[in-house]
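Listed below are the residues making up each chain.
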Amino acid sequence: MPVANTIAMKRLLVLSALIAVCFLSPSALFGQALGNAGTIQGSVTDPSGAVLPNARVTIINRVTNYQQSATTDGTGAFRLTNIPPNPYHLEVSAPNFGTVEQDVDVRSTVPVSLKIPMAVAGTKQTVTVEAAGGDLLENVPYAHNDVDISSLSKLPVSSPGAGVSDAVMLSSGAVAADSNGFFHPLGDHAQTSFSVDGQPISDQQSKAFSTQIPLDAIQSMELITGAPPAEFGDKTSLIVNAVTRSGLGQKPYGSLLGQWGSFATYSEEATLGLGNSKVGNFLAFNAVRSGRFLDTPEFTPIHAIGNNGTFFDHFDFQPSGKDTFHLNILGARNWFQIPNTYDQLGQDQRQKATTFNFAPGYQHIFSPTTLLTINPFYRHDHVNYYPSPDFTADTPATLAQNRTLTNWGGKADLSYVTSRHNFKIGTQLMQTRLHENFSFGITDPTAGAFQDQDGNFLSSLSPYDLTQPGGKLFQFDASKKINQYAIYAQDSIKFGNLQVQAGLRVDIYHGIVSDTSAQPRIGFSYLIKPTGTVLRFSYTRTFETPYNENLILSSATGVGGLVSNTFGAVSQPLHPGNRNQFNAGLEQAVGRWLVVSADYFWKYTNNAYDFGVLFNTPIAFPIAWNKSKLDGVAVRIGTPNLHGFQWTTTMGHTRARYFPPETGGLIFNNGVPPDSVFRIDHDQAFQQTTQLRYQKGKDGPWIAWTWRYDSGLVAGAVGTLDDALGLTGAQQSAIGFFCGSFRPTIDTPLTDSQCTLSNYGATRLVIPAPGTLDADHNPPRVASRNIFDLGVGTENLFRRERYHTTARFMVTNLTNKDALYNFLSTFSGTHFVQPRAYQAAIGFVF
């Protein structure tokens, strides 16, 4: 690790130690959960007011199936911790006493304190219990979906090392799927921020860029797609608010799982959690090897082996009721070959990415209504990209990269809760240290990426043409520090059935450029109890910061990148963007068995960001467009758990219109005129995911069926017959190109002697009819696809009480649909959807 990074880590360790020493103090009160999770605590008494030991207290959310229980101690006290933010139904029972039911809303880290009196047997007491499906509704101003570990464990995860990305894509209707764990939230490329137990992470989490937390370490995720609260900044199209699993207050529990699958895929997973009322720890180890680690540019994987290993530890310490300390540690590594096309069979490029994450946290209760949270963090990513040992085997270019991204800082806020207000004020201080070492040389100047619209080699690239005398590698080596400061204040105010969420965030950005932005945010939701309806409306101003991956080089190439400029002649840094976003929606309960949520969004952005990718590699450079206009609809329809059966459908529609000119990137050559408008490859007319699950009992056999439909992302490389005829035979075969009865082969493309304007087409691409191509209203697209997945399993194969044997069998892409995610995209490259794959797993749970 570089000396500067070691010093930064030592500073954070000292800071966290000082916090713990300064604030630890004895107390008889109960403690609380860390991050954004909540706590419910209190006492249970009998009719005379005496304390009641051994009463059973249970909370459950009927939509997510999250459930937690505790038993009152000798003083009648109970505590439930690490609770995801949501409404819950609470039940209290004890021998010889009637059951007490109550609805509890967890929306803050400030503990919810309850005093519950029990009645004598034969009576049932209810306190604030919603009827007619009211407990299915959330009266909040922002659109979001919630997903719990009980659902996460049954999702058809098919991308090795990217389980969290798959889960997000399958759980949110506003997200369009792309290759290698990428997803496009609300029409943006990758404008996603993660909050993991309160740690903000806005850098890329796709396995092509970095690593991510293992899916089995997550207790729940809240996916916010509308009106992000003021505490969230940087990248706000989608907020993934994750709560990780904890051992605090838990008896020893854990699991061992071995999995075997298609493409020589093998994985091992192990978890262990244990603790008491003061100390708890949760560990997760994961390792996977696959012969199709990345999505490939050919249907058959070629040179696509990869592996991933992760270690995650969550430690909690509550020395007193007023103070809580926790620590998250993540170590992860991805190593993989870069998949080849049939035009690159001799190429041997590879990539290795390593991550170390260290995030302590501290909370202190000043009073029953006031709580302080401090979250220091340190995250270091190191990416190495290796060219082939013989650079002449690389085509159309030889590439090498050695870059680091180190993000460290702290987030602190003070929460204050009353019967009407849920107020939070805080600050986030962060530094990102970038180092980029990159080299590039052209080995095939006839490749389309290096040609202008007339088919001529771009003269600005001639210094890097290694096939010509005097050609040499383009080499770049630079470092930069980016400092970011933010302050925010937000309040959720309750006026009867009306909820108002108001906030203000101010960001100060000092990097390659400097900028400041004040961002007001306001949202309203209103519950109409007689009809079980929640109406929502919000306005959000956000400050969209550039992607940090390869930011220094991308800021040095100017408008159009190296396609338009000789390096060093022009430099135009990428500036942060400003966005206005409006959301309007509703949530409707249908009896007690169905809830429907719909949200319309409209976003207008100056300086809209994307990535310009190098061919089919994971090397990408941030680029900026003059502006973007995005709008669409996200819908969720679902049932609670109905005697073991649950149905969920999410769907979405997006229009993503972008306006040139483009700034930054390395080789960016999409031929968009500077005064035009076009649909970018995040644009998809419709996508939907339907999940049907049935499980017999709490841990019995289960079956899960998933249907994913995508109407097809924009794929702008082939808009006419001439574009198709300019492809190689392998590329024509990839899109399923045909001219009447003629088909290309890998080595022999179709020519104009075989093709006419009336007999051509493609099975995996929708090419506009002759004369109808329009970059805004009728662009070429990837063909639509239906993907079906089926899973069966059991969580207690031999029906044992304490130790369970689990078994699972899944088939992804059940019908073996032959489909593309994208094709020759300047933003994403070419990638096929994974063919039919089988997964079998057996495990042990205790």
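Residues numbered from 1 in each chain as written. Predicted model: local features only at pLDDT ≥ 70, side-chain atom pairs only at ≥ 80, totals over all residues. Heavy atoms only, no water.

**Brief notes about the sheet that holds strand β4 (residues 77–83)**
What counts here: Pairing between strands is defined by DSSP: at least two bridges between the two strands are required. Put simply, DSSP marks the helices as runs of H or I at least four residues long and the strands as runs of E at least two long, and each gets a number from the N terminus on. Structural elements are reduced to axes, namely lines fitted to C-alpha atoms, with helices fitted over the stretch in contact, and the angle between N-to-C directions of any two is expressed from 0 to 180 degrees.
A sheet is described by the order of its strands in space; here 3 strands give the open sequence β4-β1-β7, paired in mixed fashion. The sheet is open, and its two borders are formed by β4 and β7 (112–117), each paired with just one other strand. Across the sheet, the mean angle from the axis of one strand to that of its neighbour is 20 degrees, orientation sign disregarded. The pairing of strand β1 (residues 38–45) with β7 spans 6 bridges and is parallel. In the sheet register, V44 faces β7, and the bridge partner there is I116.

**A closer look at the packing of aromatic side chains**
Test applied: The pairing test for Phe, Tyr and Trp rings, Trp by its six-membered ring, is centres within 6.5 Å, and the orientation test on the planes gives stacked under 30 degrees, edge-to-face over 60, and tilted for anything in between. Exposed residues in this analysis have more than 50% of their type's maximum accessible area, buried residues have under 20%, and partly exposed residues fall in between, with area computed by a 1.4 Å probe over protein chains only.
Tallying each qualifying case throughout the model produces 26 aromatic pairs. Taking 6.5 Å as the distance between ring centres and 65 degrees as the angle between the ring planes, the aromatic pair formed by F440 and F450 counts as edge-to-face. Of this pair, F440 sits in strand β24 (residues 421–442) while F450 sits in the loop between β24 and β25 (474–495), and the two are 10 residues apart along the sequence. Considered together, F440 and F450 belong to a single accessibility category, that of buried residues.

**Describing the state of the cysteines**
Under the convention used in this document: Any two cysteine sulfur atoms lying within 2.5 Å of each other are counted as a disulfide.
Taken as a whole, this structure holds 1 disulfide when the rule is applied. The side chain of C739 participates in a disulfide bridge whose partner is C755; the two sulfur atoms lie 1.9 Å from each other. Because the sign of the S-S torsion sets the handedness, a value of about 95 degrees for the bond joining C739 and C755 places this disulfide among the right-handed ones. Pair noted here: C739 is in strand β36 (residues 737–739) and C755 is in the loop between β36 and β37 (760–762), with a separation of 16 residues, a long-range link. Like C755, C739 is buried.

**As for the environment of V513**
Test applied: It only takes one pair of heavy atoms within 4.5 Å for two residues to be counted as in contact.
Inspection of the secondary structure assignment puts V513 in the loop between β26 (498–510) and β27 (514–528). Residue contacts for V513: discarding those within four places in its chain leaves P573, L574, H575 and P576.

**Comments concerning the nonpolar core**
Put simply, the test is: What makes a nonpolar core is a set of buried Ala, Val, Leu, Ile, Met, Phe, Trp, Tyr and Cys residues whose side-chain atoms join them at distances within 4.5 Å.
Of all hydrophobic cores here, the largest spans 42 residues; its most connected members are L399, F438, F440, F450, F474, L614 and L666. Secondary-structure elements contributing two or more residues to this core are β23 (397–417), β24, β25, α4 (551–554), β30 (594–613) and β31 (620–638). It is β24 that contributes the most residues to this core, 4 residues altogether. Counting 32 residues, the second-largest nonpolar core is a separate cluster that includes L223, F282, A284 and V833.

**Section: the environment of H510**
Note the following rule: Distance and chemistry together define a polar contact, namely a pair of N or O atoms within 3.5 Å, with one atom able to donate a hydrogen and the other to accept it when in protein, and with adjacent residues in sequence counting only for side-chain atoms on both sides.
Among the secondary structure elements, H510 is positioned in strand β26. Distance from H510 to P319, taken between C-alpha atoms, is 39 Å for residues 191 residues apart in sequence. Setting aside chain neighbours within four positions, we find H510 in contact with K481, I482, N483 and Y485. Engagement of the side chain of H510 in a polar contact is seen with the side chain of S514, the distance being 2.8 Å.

**Considerations on the pairing of β31**
Most of β31 sits out of view: 15 of its 19 residues are buried. Linking β30 to β31, which pair antiparallel, is a turn of 6 residues; within it F615 sits at a positive phi near 55 degrees. Once β31 ends, the chain turns through 6 residues before running back antiparallel as strand β32 (residues 645–664), passing H643 with a positive phi of about 55 degrees.

**With respect to the sheet that holds strand β15 (residues 238–244)**
Strand pairing in a sheet is mediated by backbone hydrogen bonds. Such pairs are either parallel or antiparallel. Taken in spatial order, the 5 strands of this open sheet run β9-β14-β15-β12-β13, and their pairing is mixed. If you trace the sheet from one side to the other, it starts and ends with β9 (144–148) and β13 (199–201), each paired once. Between one strand and the next, the sheet's axes are offset by a mean angle of 15 degrees, whatever the strand orientation. Direction of pairing for strand β12 (residues 192–196) relative to β15: parallel, over a ladder of 5 bridges. In the strand pairing of β15, T192 is matched with L238.

**Description of unusual backbone geometry**
The linkage connecting T395 with the following residue, P396, adopts the cis geometry, with an omega of 5 degrees. With respect to the secondary-structure elements, P396 resides in the loop between β22 (370–386) and β23. P661 follows P660 through a cis peptide bond whose omega is 5 degrees. In this fold, P661 is placed in strand β32.

**Topic: the environment of S267**
As for its position among the elements, S267 is in strand β17 (residues 265–275). For the pair formed by S267 and S753, sequence separation is 486 residues and the distance between their alpha carbons is 51 Å. Every residue in contact with S267, bar those within four places of it in the chain, is listed here: L257, G258, Q259, A287 and V288.

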